[in-house]
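Chain residues, written in single-letter form:
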Amino acid sequence: MLMRQQLPRVLITAGVIVAAALIASLILLASGVAPAAAVSAFWEGTFGNSANAGTTLTQAVPLLLVALGWIVATRAGRLHVGYPGQVIAGGALATAIGLHCGGLPGPLAVLATALAGIAGGALWAGLTAWLWASRGVLEIISSLLLNLVAVQVAAWLVRGPLQGSASQDPQTDNFPLSTIWPSFPGVPGQTLSYDVVLLPICAVIVVLLLSRTVFGFGLRASGGNGEAARWSGIDPKRGGVAAIVISGGFAGLAGAALLFAGTAPWMSDGFEAGVGFNGIAVALLAGNSPIFAILTAIVFASLNVGGTALQATLDVPSSLAEVLQGAVIVLVLLAAVLAGRRRGRTPATQPAAATKSLALVGTEEV
Amino acid sequence: MSNRTDSTVVRPPALRLRGVTKRFGAFTANDRVDLDINRGEIHALLGENGAGKTTLMRIVTGLYQPDEGEMRLDDETTRFRKPEHALRAGIGMVHQHFTLVPTLTELQNLAMRPARFPWRNATADVRRRSEQIAATTGLRIDPDRLVADASIGERQRLEIVKLLCRGARILIFDEPSAALSPGEWDELAALMRKLAAEGHAIVLISHKLTEVFAVADRFTVLRAGAVVGTGLVADVTSDELVTMMVGGLVTERPARAPIEPGPPVLSIRGLAVARDPLDPKSPPALSGIDLEVRAGEILGIAGVAGSGQNELVEAVMGIRPALSGRIELDGEPFEDRTPRRFYESGGALIPEDRHHVAIVSGMTLWENVTMRALRRPPLSRRGILNVSAARAETRRLMTEFDIRADTEKTPIGRLSGGNQQKAVLAREFSDHPALLIAVQPVRGLDVRATDFVYRQLSEHRARGGAVLLISMDLDEIIAMSDRIAVLAHGRITGVVDADDATRTRIGALMTSAEDTPCS
Ligand SMILES: Nc1ncnc2c1ncn2[C@@H]1O[C@H](COP(=O)(O)OP(=O)(O)OP(=O)(O)O)[C@@H](O)[C@H]1O
Ligand SMILES: [Mg+2]
């Protein structure tokens, strides 16, 4: 039963990966690189040795966190796209706090940065939630605009109040050692951060939150049919606000993870690096299933890491990884449309469902 | 199976189905169905809830693809891959759940169709068409009103006009009368006869046998997806039809024992509600409403659709703000109304617009049935759901209320219309409310389920519960109520004891306020 339900999604994912591989080989051939060499370089760069595998897994964490935020928000019917802004806000607040946590013992300092990240993202998302709930501003619009604001604020922070004293570069001082999130000592280069435990833990938390709690039930009811929820005494506004804020919290934690479990121990203005939007693609590719999103987050992270490896070893244009990620996103959307069309043909019980947002196509019922 | 009684007809049937089978997974919704629909006839398609009527007609209109069997239209084998193709071939269906866009006006809804010239503005054309239809059939629409502001009855009228506008020759009505007042039904019946006389073929799906006997020429009965009988309506009795449908007769309901009503459970004093909830200055939808529903009493509200029934329910529920007035629920003042407090104070509601406000189609049957119970002990504790208990409870209610579904995990949107309604009933009755507001509670239910609901209402009354029964079906109101309040143009024009209630008396009250419309 479960297998039957999961099968189409697995097929879609496999199809997307194959199609992306084809596109990649075309690009590689066009730039004069033998695909076989590229494959081995890609593998070597992503999972070929434990150091690189550590990097890949560690990079999957922020992607998954954003994806989980998206899943929670869409389940409540709130399609906001403020993840980049919330990642930045979370990272910035975590930085501001972290820079002053040098005196704290390690675990406390790490916890402080993580909590600050969550708070920063949640507060930033809170603006969107407040505008939506009290002013009726569409969350998708306000969050998109707040992304732009966040980018500018981050640029100002690293050139102003948070700028480091060591150099004139637009970046902060190095984070105090105690605030850096620890990594597995066994992996060479310390590339595998302990925060990979967040992958299963957070995914399971979201699954349980949605399927096993009264709160999550209210979210799903509000997202499924807001009027019916309201008529049964569930407040869809409260649910919507909570969902947006929670998704911001996840994105903010992703921001903190990017910085404190990342490669460079400081904040510069480009640290978000597309994680906010790629996280959405991760969720979509996973059909909004939290567990499946672990896998797709790793796929996306390996595209990123592998792209860098290709550039380093084969001198492939650095934009290849971005082209690939873009191709995957387009393919995912295409697959979603196709799946939606197939679905739209059979259960015509609710004609309106077919017109529902593309992003919800393939939504899994937990 | 199909015995061609009408041997004088030389023309092939307008629509002929042979061996049509439709499966959903392991479940067979239509089992080798043969069906002939002739021009000029009204063909009643009968069967209990979940028998497969809607599914069969969805195949005919191209919404579903049959797994087996063939379909012949004017003796030519056809197959529709899309509803659009069926429409173009002249087959149109008024669905059980409407297919209108609420944020557009009625005219815009009519104009929304695949146009031959996409760049041409179809509005003027459609306006003319709809005026023609109004002239020939009496089906009048309000072209510039938003569909969102139209009542269910009005929306349905629009659906019919929409099909006629598109030139449908085979018209399928899926439970069309569920939302209509008796007067509107008479109009629709006359319209169907007129259309049939003009050579249209009409399929009528209905659970009301009086309607079938009033208009239909032939009938076909489905049971568990298969045809169990077909013939001329003139040759059968109502009991025979019921036996064919449910495999037995529905026993007579016992006469209700008179009950001395107890204290008031719901009391409404001087309630006034604006038509536009955001604009208190808009003309009132309700004014000066005084009502009292006592324990052990069924108070019926009679009135034509759009008289203020929706506003009354919404104001009591706290969905819609009231301009003035006091409401008491179960002996306590019920101020600061919200749906949540309504349920907490012992209320329950079977709403009129099931799809829009009562169910979440994407969620499972068990989640819908326990939508409220799930949020308090024993089905949840400290915010954690007890899923297995909730599912067990749903399975119990599925047996008690005869909800037909594969499992309790089926998305409720996949259930047949009647079974969705039963799920809502199960939820509301299992709450053991002090006050039950039931709006058209038997909408879409088959004879057996209708009988079941009436019994439940009576039992609820006998237990000392109060029922506010709102219906456009006068017979239902007269049969079920202890007292009847008549609502017309937002005012209560009279309250009649059931013993003195006659159709004429209530009909007179329903129209009496027309001279003095409240403004
Ligand atoms: N898309 C679907 N997927 C799975 N099962 C379905 C689907 N549509 C209908 N069914 C099942 O097929 C059966 C027949 O449904 P259908 O809607 O045709 O019944 P009906 O005769 O119209 O009943 P009602 O009088 O209650 O409207 C039901 O048991 C229903 O659960
Ligand atoms: Mg039906």
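A brief look at the structure comes next. (Residues numbered from 1 in each chain as written. Chains lettered and ligands numbered in written order. Predicted model: local features only at pLDDT ≥ 70, side-chain atom pairs only at ≥ 80, totals over all residues. Heavy atoms only, no water.)

A tally of regular secondary structure across chain B gives 17 helices and 22 strands. Its C-alpha atoms give chain B a radius of gyration of 23 Å, within 12% of the compact-globule value 24 Å for 519 residues. Here the C-alpha coordinates of chain B stretch approximately 70 × 50 × 45 Å along the principal axes. Classification of the 519 residues of chain B by burial places 55% in the buried group. Here the contacts in chain B between residues at least 6 apart in sequence split such that 67% fall between residues at least 24 apart. (Helix = DSSP H or I, 4+ residues; strand = E, 2+ residues; numbered from the N terminus. Rg over C-alpha atoms; globule rule 2.2 N^0.38 Å. Buried < 20%, exposed > 50% of the residue type's maximum accessible area, 1.4 Å probe, protein only. Contact = heavy atoms within 4.5 Å.)

Here the focus is the overall build of chain A. When its secondary structure is counted, chain A shows 14 helices and 0 strands. Listing each helix as α and each strand as β along chain A from the N terminus yields α-α-α-α-α-α-α-α-α-α-α-α-α-α. Within chain A, counting contacts between residues at least 6 apart in sequence, those at least 24 apart form 77% of the total. With an accessible surface of roughly 15,700 Å², chain A has 70% of that area assigned to carbon and sulfur atoms. (Areas by Shrake-Rupley, 256 points an atom, 1.4 Å probe, with all protein chains shown as cover.)

Now for the interface of chain A and chain B. Listed per partner, the contact involves 24 residues of chain A and 35 residues of chain B. Run the count over chain A and chain B and you get 1 salt bridge. A salt bridge links B:Glu367 to A:Arg220, with the shortest nitrogen-to-oxygen separation between them at 2.8 Å. Connecting chain A to chain B are 8 residue pairs in polar contact (both at pLDDT 80 or more). Elements with a minimum of two residues in the side of chain A that touches chain B: helix H7 (198–212), helix H8 (214–224) and helix H9 (226–231) of chain A. Broken down by element, the side of chain A that touches chain B gets its largest block of residues, 5 residues, from H8(A). Considering only residue class, the side of chain A that touches chain B consists of 9 nonpolar, 9 polar and 6 charged. (Salt bridge = Lys/Arg side-chain N within 4 Å of Asp/Glu carboxyl O. Polar contact = N/O pair within 3.5 Å; in protein donor to acceptor, adjacent residues only side chain to side chain. Nonpolar A, V, L, I, M, F, W, Y, C, P; charged D, E, K, R; others polar.)

Surrounding ligand 1, one finds 21 residues, the nearest of these being B:Gly50, B:Thr54, B:Thr55, B:Ser416 and B:Gly418. Ligand 1 is flanked by residues contributed from chains A and B. B:Thr55 places a polar side-chain atom, nitrogen or oxygen, 2.5 Å from an oxygen atom of ligand 1. Burial of ligand 1 by the surrounding chains reaches 92%, relative to a free accessible area of 630 Å². Counting only elements with at least two residues in the shell around ligand 1, the list comes to strand E2 (27–37), helix H1 (53–60) and helix H14 (417–429) of chain B. Element by element, the count of residues in the shell around ligand 1 is highest for H1(B), at 3 residues. (Near = heavy atom within 4 Å.)

Residues and elements named next belong to chain A. Close contact between helix H4 (residues 83–98) and helix H11 (residues 275–285) brings their axes to 7 Å; oriented N to C, the two are set at 125°. One finds that H4 runs oblique with respect to H11. As H4 runs across H11, the sense of the crossing is right-handed. Packed against H4, whose contacting residues are Tyr83, Pro84 and Val87, the element H11 presents Gly276, Phe277 and Ile280 at the interface. Classifying every residue of the contact of H4 with H11 by side-chain character gives 5 nonpolar, 1 polar and no charged. (Axes fitted to C-alpha atoms, helices over the stretch in contact; angles between N-to-C directions. Parallel < 35°, antiparallel > 145°, perpendicular 65-115°, else oblique. Left-handed = near helix turned anticlockwise from the far one by under 90°.)

Right, let's get into helix H4 (residues 123–137) of chain B. All names here are of chain B. The end-to-end C-alpha distance of H4 is 20 Å, a good match for the 21 Å that 15 residues give at a rise of 1.5 Å each. Here H4 has its buried residues at Val126, Ser130, Ile133, Ala134 and Thr137. All buried residues of H4 lie within an arc of 100° about the axis, which places them on one face of the element. In H4, the exposed residues that point more than 90 degrees away from the buried face are Ala124 and Ala135. (Expected span 1.5 Å × (residues − 1). Arc of directions from axis to C-beta.)

What follows concerns the sheet that holds strand E1 (residues 15–24) of chain B. All names here are of chain B. In spatial order, the strands read E2-E1-E4-E5; together these 4 strands make up an open sheet with antiparallel pairing. Unpaired on one side and paired on the other, E2 and strand E5 (76–78) mark the two borders of the sheet. Here the strands of the sheet are splayed against their neighbours by 30° on average, with no regard to which way each runs. Judged from the 3 bridges that link them, strand E4 (residues 68–73) and E5 form a sheet pairing that is antiparallel. When the bridges of E5 are listed, methionine 71 appears paired with threonine 78. (Pairing = 2+ DSSP bridges.)

In short, the description is geometric, and any link to function would need to be established separately.
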